[in-house]
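# Structure assessment
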Amino acid sequence: QHYYITNNLRMKVEIALILTSLLCICCNGQVVEKCRTDTFPPPDDTKLSTVVVNLNKAPEHRWDEAITPYKADIVSLIETITDNVNKYVLEVADIAFDLLLQTLPDPYKSEIKGVAKILGLPEGQVVLYNIFYELFTVCTSIIEEDSNGQLYHARNLDFGLFLGWDNANDTWLMSERLRKIVVNIDFQRDGKTVYQSASFLGYVGLLTAVKQPLFTLTINERFNKEGGFVGIYRWILGNRNAKWMGFLTRDVMESANSYSEAKHMLSTQELLAPAYYILGGNSTGEGVIITRGLNGVEDYQELNITSGRWFLLQTNYDPWDEAPFFDDRRTPGNMCVKQWGQENVGYKSLFNVLSTKPNLNKLTVYSTVMTVRGDIQSWLQQCKTPCTPW
């Protein structure tokens, strides 16, 4: 039943993508603008607040203090997801995802149970909420090295495609609601920071994170025929060797003590969904895009300063293929990075690149710029009309 539900949803998304693509063709495609130079620093009220998650607490309770003030907004967001699902299908899904929860590894299973208790929602719905980030995240990630060998890592997180349009605010309804629950999270143990993340409260995996002074990491969804549903189906059938991609990021943040260890973990672990892991280190040349299939690495794209490769930019398409005409964020992104040049690498240039359409689009919820030597800096984003839907 679960396999049918998820594949039916995937089919609807693919149909919607085709229809929206045709609309974009009629409207002369993407909205592309000249490279911005005037967006940094962003307004103070767009900077994400920070919450603390105490890893010394039992998994069932470590999210209590962080989530409680945002409870109403998180529930409203999850209702946005469930409102897009047929009532009968939702009842079946609640049962199926509740059973799926029982098979998840700890501490993630226990954390999800704790989150569901705080929110007063069925555990299956909170599982569904977490799975959505595994399957429907559209992103841009960039790693740059300046002339002094310092690495900067930046990303736009785009989410909410086809989950309702908000006519009043001219944006995706889910993207609008996500802006109310995105925060910087300081994961602490014994009162000291272990790693930091920009994330949506209620999601227990990680999509954007830094472990100072060692490495930075982002995940981009990889649009691939295998999809995440194939891996989930295998999991349901009993293959529990694979990792959920957001859980693997948490594992890496917990366990890896160097760039090379993180790279090895991200390269060798079987996954439930194909993905791009974008990893930055703390020494010159330590930057890589790891193109992952379910069972292994399919490609490495790495910084190489001696050959003039001082930056890497990854969206949601394989680096060796052309980006599709209806979603080409790569070409304008590369152009803007080159226009700024290596001599201007830093928070200002990266934020301006991420704030230039179409890398800034109606799905963009937040932008993050981080280094292993400084704080993680994140800001809410909103693309004013005219703006590409994604």
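Residues numbered from 1 in each chain as written. Predicted model: local features only at pLDDT ≥ 70, side-chain atom pairs only at ≥ 80, totals over all residues. Heavy atoms only, no water.

So, about the overall build of the protein chain. Summing up its helical and strand segments, the protein chain has 12 helices and 15 strands in all. The contacts in the protein chain between residues at least 6 apart in sequence include a share of 69% that link residues at least 24 apart. Accessible surface computed for the protein chain: about 15700 Å², of which carbon and sulfur atoms make up 52%. (Helix = DSSP H or I, 4+ residues; strand = E, 2+ residues; numbered from the N terminus. Contact = heavy atoms within 4.5 Å. Areas by Shrake-Rupley, 256 points an atom, 1.4 Å probe, with all protein chains shown as cover.)

Our next topic: the pattern of salt bridges. Taken as a whole and judged by the stated rule, the model has 14 salt bridges. One salt bridge connects Asp38 with Arg36, and the closest N-O pair in it is separated by 2.8 Å. Between Glu65 and Lys57 there is a salt bridge; the shortest N-O distance is 3.1 Å. Look at Lys57 and you get partly exposed, because its relative accessible area is 30%. Salt bridges sharing partners connect three or more residues here, namely Glu33, Arg36 and Asp38. (Salt bridge = Lys/Arg side-chain N within 4 Å of Asp/Glu carboxyl O. Buried < 20%, exposed > 50% of the residue type's maximum accessible area, 1.4 Å probe, protein only.)

Attention now moves to helix α3 (residues 71–82). In an α-helix, one turn spans 3.6 residues; hence positions three or four apart end up facing the same way. In a regular helix each residue adds 1.5 Å, so 12 residues correspond to 16 Å; α3 covers 17 Å between its end C-alpha atoms and thus fits that length. Those residues of α3 not exposed but buried are Ile74, Val75, Leu77, Ile78, Thr80, Ile81 and Thr82. (Expected span 1.5 Å × (residues − 1).)

Centre distance and the angle of the planes are the two values used to describe a pair of aromatic rings. Evaluation of the coordinates by the stated rule reveals 15 aromatic pairs. Here the aromatic rings of Phe325 and Phe326 are separated by 5.3 Å at their centres, their planes lie at 90 degrees, and the arrangement is edge-to-face. For Phe325, a relative accessible area of 57% gives the class exposed. Measuring from centroid to centroid gives 5.1 Å for Phe351 and Trp379, while their planes differ by 70 degrees, and the two rings are edge-to-face. Placement of the pair is Phe351 in helix α12 (residues 347–354) and Trp379 in strand β15 (residues 377–380), with a sequence separation of 28 residues. For the pair Phe351 and Trp379, one class covers both residues: buried. (Phe/Tyr/Trp six-rings, centres within 6.5 Å; stacked < 30°, edge-to-face > 60°.)

Further remarks concern the nonpolar core. In terms of nonpolar packing, the biggest core is built from 81 residues, with Phe200, Leu201 and Tyr277 touching the most fellow members. Sequence-distant contacts of Tyr277, defined by excluding residues within four places in its chain, comprise Leu217, Thr218, Ile219, Met245, Leu248, Thr249, Leu266, Leu271, Val288, Ile289, Ile290 and Arg292. By size, the runner-up hydrophobic cluster in this structure holds 17 residues, among which are Ala154, Phe311, Leu313 and Trp379. (Core = buried A, V, L, I, M, F, W, Y, C linked by side-chain atoms within 4.5 Å.)

This part covers the sheet that holds strand β10 (residues 275–280). By way of backbone hydrogen bonds, the strands of a sheet pair with one another, either parallel or antiparallel. Strand order in the open sheet formed by eight strands is β1-β6-β7-β8-β9-β10-β11-β12, and the pairing between neighbours is mixed. Each having just a single partner strand, β1 (50–54) and β12 (297–302) make up the two edges of the open sheet. Averaged over all pairs of adjacent strands, the angle between strand axes in this sheet comes to 20 degrees, irrespective of strand direction. Here six bridges tie β10 to strand β11 (residues 287–292), and the two strands are oriented antiparallel to one another. The residue of β11 that forms the bridge with Gly280 is Gly287. Contacts between helix α9 (residues 245–255) and the sheet are confined to β6 (182–189), β7 (192–200), β8 (208–211), β9 (215–221) and β10, with β9 contributing the most and set at about 175 degrees to the helix. Those strands touched by helix α10 (residues 259–268) are β9, β10, β11 and β12, and its axis lies near 15 degrees from that of β11. (Pairing = 2+ DSSP bridges. Axes fitted to C-alpha atoms, helices over the stretch in contact; angles between N-to-C directions.)

Bringing the pairing of β7 into the picture now. Here β7 lies mainly inside the structure; seven of its nine residues are buried. What sits between β6 and β7 in their antiparallel hairpin is a turn of two residues, with Asp190 showing a positive phi close to 55 degrees.

Turning our attention to the state of the cysteines. Taken as a whole and assessed by the stated rule, the structure comprises two disulfides. Shown here is the disulfide that connects Cys35 with Cys336, its sulfur atoms set 2.2 Å apart. The sign of the -95 degrees torsion about the S-S bond sets the Cys35-Cys336 disulfide as left-handed. Residue Cys35 is found in the loop between α1 (2–26) and β1, and its partner Cys336 is found in helix α11 (residues 330–340); the two are separated by 301 residues along the sequence. Residues Cys35 and Cys336 agree in their burial class; the two are buried. At a sulfur-sulfur separation of 2.0 Å, the disulfide partner of Cys383 is Cys387. The disulfide joining Cys383 to Cys387 has a torsion of about 110 degrees about its S-S bond and is therefore right-handed. Across this residue pair, the class does not change: Cys383 and Cys387 are buried. When the bonded cysteines of the protein chain are counted from the start of the sequence, the pairing works out to 1-2, 3-4. (Disulfide = S-S within 2.5 Å.)

Below, the discussion takes up the sheet that holds strand β14 (residues 364–370). Here we have five strands laid out as an open sheet, ordered β13-β2-β3-β14-β15, and antiparallel in their pairing. Two strands in the sheet have a free side with no partner beyond their single neighbour: β13 (311–314) and β15. Within the sheet, the average angular offset between the axes of one strand and its neighbour, ignoring direction, is 10 degrees. Note that strand β3 (residues 151–159) and β14 share six bridges and pair antiparallel. Following the sheet pairing, Asp158 is matched in β14 by Thr364. Most of the contacts of α11 go to β13, to which it runs at about 155 degrees, and overall it touches β2 (137–145) and β13.

Distances and angles like these do not, on their own, reveal function.
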